[in-house]
Amino acid sequence: MTAETTGPEGPITDPAERGREQRGWYFYDFACSVYSTSVVTVFLGPYLNSVAETAAGGEDGTLYPLGIPVAPGSLFPYTVSFSLVVAIIAMPLVSAAADRWGRKKPLLAAAAYLGAGATTGMFFLEGTRYLLGAFLLVVANASFAVAMMLYNAYLPQIADPDERDRVSSRGWAFGYTSGALVLVLNLVLYSGHASFGLEEGEAVRICLASAGLWWGAFAVIPLRRLRDRRLPAATGGTHRPAGGGAVGAGWRQLRSTIKDMRRHPLTLAFLLAYLVYNDGVQTVISQAAIFGEKELGLEKTTLITAVLLVQVLAVAGALLMARFARTYGAKRTILGALVVWTVILLAGYLLPAGAPVFFFCLAAAIGLVMGGTQALSRSLFSHLVPEGKEAEYFSAYELSDRGLSWLGPLMFGLVYQLTDSYRAAIISLVIFFVAGFALLARVPVREAVRKAGNVVPERI
């Protein structure tokens, strides 16, 4: 049985046309990944903290936004957390509109350019404008999450079942390539700011704004090539809500999605496994630099070089794991990657202080499994989504990623607080990979694909 990829006017039977749309889809990852790499991972956190410290000034060194006492060093993580709350509220509303009207592309464009505009506006973040920085971060981060939900929802519509591991992995590879490229350019500007006649703060603001300009410029390509689909009436794709407004329709759709997912318990079981092990992945990525600086005593240049190494090797890792998936299936490949993640944490626990070479080896291992773990998880989930419900199911997928991503950092912080050891904190994250492995191993993915009403690929 051969699957057909649905087009704007019906099935896409021309491989060249489908390939053109897939290449356009890759370029959204190429466009937006610079935001997560250059802005969130490297530049914005330390710079926003410095602006907040300047604004705090007074005797107690505390900020009072809306009368709430906030330590300057806590502003960035608090703002990131709040942005995720905004995204959690927005995603059900947007996914409901996308699936009911069959119009994902205008919503993707709105989210992408709102995020890119907010990121570009970070050029004006200077002096004591910490509230401006917090506001722009909330807008950019929430927009990024909403746009990624819509972008992911295109995958089952532009790729046949047997293509999805490859297509998803190439998308991640495009993203890591652009992240590494722009980060290199940013670091050249930042490290040589004096020779360019710039102050350090000016260089950082240019780096932040350049990520927004890059995001907006390359988002044009997918928005030109991706097509909206006219969904069959049975799926609800052409049904307009009878009333109650967009907000009411969004939350009704979320309740409907939850009820619908209960009819697909195997899809829900995979989502739970993903929630657990992906929380571990995201926590390792976000806390690795703190571990390297505080526990291992490494210089910032070493840490930034390690981030670049992760980005470069993540490209190769995503493509390599896609090859493994073609031979062994996506589920087995992800399970193998979770074993590697566990070994990485054990090695990190034993890593000697003041040894950058060993830290680079650890970064290389993270890079090789990070991209493939995320890409194959996305493609595997796409097989478990009932036709016509892509946006709402990928909203749940994105919510599982964003909505509970505080569990890993919470455990990391609590263990450190109790033990005063980042080594103990890093090893505590093993539980996420062990539990995720156990949950995923129990999911019969072939049966899950069939029960979702989809074609089972030869290897999954």
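Refer to the structure presented above.
Residues numbered from 1 in each chain as written. Predicted model: local features only at pLDDT ≥ 70, side-chain atom pairs only at ≥ 80, totals over all residues. Heavy atoms only, no water.

Quick notes on helix α4 (residues 130-153)
The cut-off we apply is this: Helix numbering and strand numbering both begin at the N terminus, where a helix is a DSSP run of H or I of at least 4 residues and a strand a DSSP run of E of at least 2. To estimate the expected span of a helix, subtract one from its residue number and multiply by 1.5 Å. Relative accessibility thresholds used throughout: buried, under 20% of the residue-type maximum; exposed, over 50%; partly exposed, between the two (1.4 Å probe, protein chains only).
Look at α4: 35 Å from first C-alpha to last across 24 residues, which is about the 34 Å you get at 1.5 Å a residue. Buried residues dominate α4, accounting for 21 of its 24 residues.

A short note on the packing of aromatic side chains
The relative placement of two aromatic rings is captured by the distance of their centres and the angle of their planes. Stated precisely, the cut-off is as follows: Aromatic pairing here means that ring centres of Phe, Tyr or Trp (its six-membered ring) are within 6.5 Å. Orientation follows from the plane angle: under 30 degrees is stacked, over 60 is edge-to-face, and everything else is tilted.
Applying the stated criterion to the full structure yields 19 aromatic pairs. Relative to Tyr277, the ring of Tyr274 has its centre 5.7 Å away and its plane inclined at 85 degrees; by these criteria the two rings are edge-to-face. Placement of the pair is Tyr274 and Tyr277 together in helix α10 (residues 265-295), with a separation of three residues, close to one helical turn. Judged by its relative accessible area of 4%, Tyr274 falls in the buried class. When the ring of Trp341 is compared with that of Phe433, the centres are 5.5 Å apart and the planes differ by 5 degrees; the resulting orientation is stacked. Of this pair, Trp341 sits in helix α12 (residues 330-350) while Phe433 sits in helix α17 (residues 430-441); the two residues are 92 residues apart in sequence, bridging distant segments of the chain. For the pair Trp341 and Phe433, a shared accessibility class is recorded, and that class is buried.

Regarding α10
An α-helix turns once per 3.6 residues; consequently, residues spaced three or four apart project the same way. The end-to-end C-alpha separation of α10 is 42 Å, in line with the 45 Å expected for 31 residues at 1.5 Å each. Phi for Gly297, located one or two positions after α10, is positive at around 65 degrees.

Comments concerning a positive patch on the surface
How we decide: Patch definition: residues above 30% relative accessible area lacking any salt bridge, with like charges linked at up to 9 Å and the nonpolar side chains Val, Leu, Ile, Met, Phe, Trp and Tyr linked at up to 5 Å. Working definition of accessibility: Shrake-Rupley area with a 1.4 Å probe, residue cover restricted to the visible protein chains. For this analysis, a salt bridge means a side-chain nitrogen from Lys or Arg found within 4 Å of a carboxyl oxygen belonging to Asp or Glu. All tallies of charge rest on Lys and Arg as positive and Asp and Glu as negative; His and the ends of each chain are not included. In this description, the location of a charge corresponds to atom NZ of lysine, CZ of arginine, CG of aspartate or CD of glutamate.
Together, Arg20, Arg23, Arg224 and Arg227 make up a positively charged patch on the protein surface. By the element assignment, Arg23 lies in helix α1 (residues 15-56). Among the residues examined, Arg23 registers a relative accessible area of 44% and is labelled partly exposed.

Notes on the packing of helix α6 (residues 164-191) against helix α7 (residues 200-218)
Our working definition: Axis angles are defined between N-to-C directions and span 0 to 180 degrees, where every axis is a line fitted to C-alpha atoms and, for a helix, only to the segment in contact. In what follows, roughly perpendicular refers to angles from 65 to 115 degrees, roughly parallel to angles under 35, roughly antiparallel to angles over 145, and oblique to any angle outside these ranges. Note: crossing handedness is left-handed where the near helix turns anticlockwise from the far helix by less than a right angle, and right-handed where it turns clockwise. The contact criterion used throughout is that any non-hydrogen atoms of two residues lie within 4.5 Å. Note on residue categories: nonpolar means Ala, Val, Leu, Ile, Met, Phe, Trp, Tyr, Cys or Pro, charged means Asp, Glu, Lys or Arg, and polar means any other residue, Gly included.
Relative orientation of the contacting elements α6 and α7 amounts to 160 degrees, with a least axis distance of 9 Å. By the angle between their directions, the pair α6 and α7 is classed as roughly antiparallel. In this structure, α6 crosses over α7, and the sense of that crossing is right-handed. Contacts from Ser178, Leu181, Val182, Asn186, Leu189 and Tyr190 in α6 reach Glu200, Ala203, Val204, Ile206, Cys207, Ser210 and Trp214 in α7. Within the contact of α6 with α7, the residues separate by chemical class into nine nonpolar, three polar and one charged.

Brief notes about the environment of Leu198
With respect to the helices and strands, the residue Leu198 is situated in the loop between α6 and α7. Non-local contacts of Leu198, meaning those with residues more than four positions away in its chain, are made with Leu189, His193, Ala203 and Ile206.

Re the nonpolar core
Threshold: By nonpolar core we mean a set of buried residues, namely Ala, Val, Leu, Ile, Met, Phe, Trp, Tyr and Cys, connected to one another through side-chain atoms within 4.5 Å.
One finds Trp25, Tyr28, Phe43, Leu44, Leu108, Leu208 and Trp215 to be the most contacted residues of the largest nonpolar core, which totals 68 residues. Elements with a contribution of two residues or more to this core: α1, α2 (75-101), α3 (104-120), α4, α5 (155-158), α6, α7 and α11 (300-328). Tallying contributions element by element places α1 first for this core, with 17 residues. Setting aside anything within four residues of it in sequence, one finds Leu208 in contact with Val39, Phe43, Leu44, Tyr47, Thr119 and Met122. One finds Val281, Ala337, Leu345 and Phe412 within the second-largest nonpolar core, a separate group that totals 66 residues.

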